[in-house]
Amino acid sequence: MRVAIAWHGLPYYAARLIRPVVNKLGKRIAIIATRGPQSPEEIEAALGSSICIAPEDPHLRWSQLGLQVPDLFFHSGWAYPNFRSLAREVKRRSGTVVSMVDNASKHNLRQEIGKYIFRWRYRPQVDFVMVPGASGLELMKLFGMPEGSVYTGLYGADPEVFQLGPPWRERDYRFLFVGRFISRKGLRGLVEAVRLLRSEGADFRIAAVGAGPMRADLALAGIEVYPFTEAAAVARMMQNSRFLVLPSFEDHWGVVVHEAALSGCGLVLSTAVGAHRDLLRARNGFICEPGRPAPAMRQALRADPQWFMACSFESRQLASAFGPQRWSQVFEQIYAEAQRRGSLA
């Protein structure tokens, strides 16, 4: 079968995630992307293959890309008209369409209304769905996808890059934040927590890796600030940190959480971080309310070396359920089902 994967803004981690599938299929697979934060050359190097840059055309056709209509098409969600147009063409040729959806279940009015829009407008164009984890699975059930048509494992970091760091005592940073420096990430609460805990006498180092308008706020609070950089450098920061702290008001899943878990970090996550249902347990971290990480960070500061040894093991164990190997397994299952459907048509 001919296969195509279309990923909006194809990021580095996604290129590494799907690389085993690309290596296996070779010329039978086409990778399509819109322009993202990294250059096409960087993405092609991470992917080990060339990519086709798709225009933002709501009526995009496969012929415009110089490609044949595939038998199996994965695309990143229903939010992008150009990919939906390609999906409709695949369905008209009796192909199989897989929607990659990263939204999380939020139990709000918008999603209650959205389930009817999805069932009426998008469901006829979707055979299977890939989601990051448990929260996405719950959402797709609400939206009416049948049992057995939704697979977890959409997101994940590369375990070859994010490896287990040194023991607890050898890690310099108690806390690390990685992400955009914006209020939605709960950073006002993080700044308040750092000031409060230090006023109580706690002595710890905390770093933040990223970029955004709240950079100065973080620096003024005594948080060491570093710019976004290559994945290997972020991995070294994680291996040198005891806890990842992510007090977001909204985070659909959070690949950064998986990166930290692979690095053996403990986790301090808000209930709004989708990955907390997959990667956080009582043995490897602490949960907090969005924008209010101080109590959980206080608990983390009290953790002893023995607890952290078990914590690090638990994080790695939970992380093993996601990544390139999981993506390949799901791909194989969907590929086999698409073949079966094709033979019955």
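Look up: the structure comes first, before these words.
Residues numbered from 1 in each chain as written. Predicted model: local features only at pLDDT ≥ 70, side-chain atom pairs only at ≥ 80, totals over all residues. Heavy atoms only, no water.

(A) Structural detail: the sheet that holds strand 1 (residues 3–7). The strand order across the open sheet built from 7 strands is 3-2-1-4-5-6-7, with neighbouring strands paired in parallel fashion. Strands at the two margins of the open sheet, each flanked by one partner only, are strand 3 (52–53) and strand 7 (150–152). Relative to strand 7, strand 6 (residues 128–131) runs parallel, the two sharing 3 bridges. Of the residues in strand 7, the one forming a bridge with Met130 is Tyr151. (Pairing = 2+ DSSP bridges. Helix = DSSP H or I, 4+ residues; strand = E, 2+ residues; numbered from the N terminus.)

(B) Local environment of a positive patch on the surface. On the surface, a cluster of positive charge is contributed by Arg2, Arg88, Arg92, Arg93 and Arg121. Note on placement: Arg93 falls in the loop between helix 3 (81–92) and strand 5 (96–100). We classify Arg93 as exposed; its relative accessible area is 58%. (Patch = residues over 30% accessible without salt bridge, like charges linked within 9 Å, V, L, I, M, F, W, Y side chains within 5 Å. Areas by Shrake-Rupley, 256 points an atom, 1.4 Å probe, with all protein chains shown as cover. Salt bridge = Lys/Arg side-chain N within 4 Å of Asp/Glu carboxyl O. Lys, Arg positive; Asp, Glu negative; His and termini not counted. Charge placed at Lys NZ, Arg CZ, Asp CG, Glu CD. Buried < 20%, exposed > 50% of the residue type's maximum accessible area, 1.4 Å probe, protein only.)

(C) Local environment of the nonpolar core. Judged by nonpolar contacts, the single largest core of 92 residues is most densely connected at Trp7, Phe74, Met130, Phe175, Val257, Met297 and Trp327. The leading source of residues in this core is helix 1 (residues 12–25), at 7 residues. Apart from the residues lying within four places of it in its own chain, the contact partners of Met130 are Phe74, Val98, Ser99, Met100, Val101, Tyr151, Gly153, Leu154, Trp327, Val330 and Ile334. Formed by 16 residues, the second largest nonpolar core is a distinct cluster that contains Leu60, Phe73, Leu86 and Ala87. (Core = buried A, V, L, I, M, F, W, Y, C linked by side-chain atoms within 4.5 Å. Contact = heavy atoms within 4.5 Å.)

(D) Looking closely at helix 8 (residues 231–239). Of all 9 residues that make up helix 8, 7 are buried, and the element is covered over most of its length. Buried residues of helix 8: Ala231, Ala233, Val234, Ala235, Met237, Met238 and Gln239, and no others. In this structure, the buried residues of helix 8 make contact with helix 1, strand 8 (173–180), strand 9 (206–211), strand 10 (224–226), strand 11 (241–246) and helix 9 (255–262).

(E) Fine view of helix 12 (residues 305–319). For helix 12, which comprises 15 residues, the first-to-last C-alpha distance of 21 Å matches the rise-based estimate of 21 Å (1.5 Å per residue) to within 8%. Taken residue by residue, helix 12 has Phe308, Cys311, Ser312, Glu314, Ser315, Leu318 and Ala319 as its buried positions. The buried residues of helix 12 occupy one face: seen down the axis, they fall within an arc of 170 degrees. Residues of helix 12 that are exposed and angled more than 90 degrees away from the buried face: Gln306, Met309 and Phe313. Buried residues along helix 12 sit in contact with strand 11, helix 9, strand 12 (266–270) and helix 10 (276–279). (Expected span 1.5 Å × (residues − 1). Arc of directions from axis to C-beta.)

(F) Representation of the packing of helix 9 against helix 12 within the structure. Put simply, helix 9 and helix 12 touch, their axes get as near as 7 Å, and they point 125 degrees apart. In this view, helix 9 runs oblique relative to helix 12, as classed from their interaxial angle. Between helix 9 and helix 12 the crossing geometry is left-handed. Here His258, Ala261 and Leu262 of helix 9 lie close against helix 12, whose contacting residues are Ser315, Arg316 and Ala319. (Axes fitted to C-alpha atoms, helices over the stretch in contact; angles between N-to-C directions. Parallel < 35°, antiparallel > 145°, perpendicular 65-115°, else oblique. Left-handed = near helix turned anticlockwise from the far one by under 90°.)

(G) Structural view of the pairing of strand 12. Counting buried positions over the 5 residues of strand 12 gives 5, a clear majority of the element. Here strand 12 shows two buried faces, one formed by Gly266, Val268 and Ser270 and the other by Leu267 and Leu269. Bridge count for strand 11 against strand 12 is 4 bridges, and the pairing is parallel. Among the inter-strand pairings, Leu244 is bridged to a residue of strand 12, identified as Leu267. Relative to strand 13 (residues 285–288), strand 12 runs parallel, the two being bridged by 4 bridges. In the sheet register, Leu269 faces strand 13, and the bridge partner there is Ile287.

(H) Representation of the pattern of salt bridges within the structure. One pass over the structure, following the stated rule, counts 15 salt bridges. Linking Arg16 and Asp158 is a salt bridge whose minimum nitrogen-to-oxygen distance equals 2.7 Å. Of this pair, Arg16 sits in helix 1 while Asp158 is found in the loop between strand 7 and strand 8, placing the two residues 142 residues apart along the sequence. The residues Arg16 and Asp158 share a single accessibility class, namely buried. Three or more residues joined by partner-sharing salt bridges are found here, namely Lys91, Asp127, Glu337, Arg340 and Arg341.

(I) Expanded view of unusual backbone geometry. Although it is not a glycine, Ser94 adopts a positive phi angle of roughly 65 degrees. By relative accessible area, Ser94 is classed as exposed at 66%. Although it is not a glycine, His107 sits at a positive phi angle of roughly 55 degrees. Its location among the elements puts His107 in the loop between strand 5 and helix 4 (109–122).

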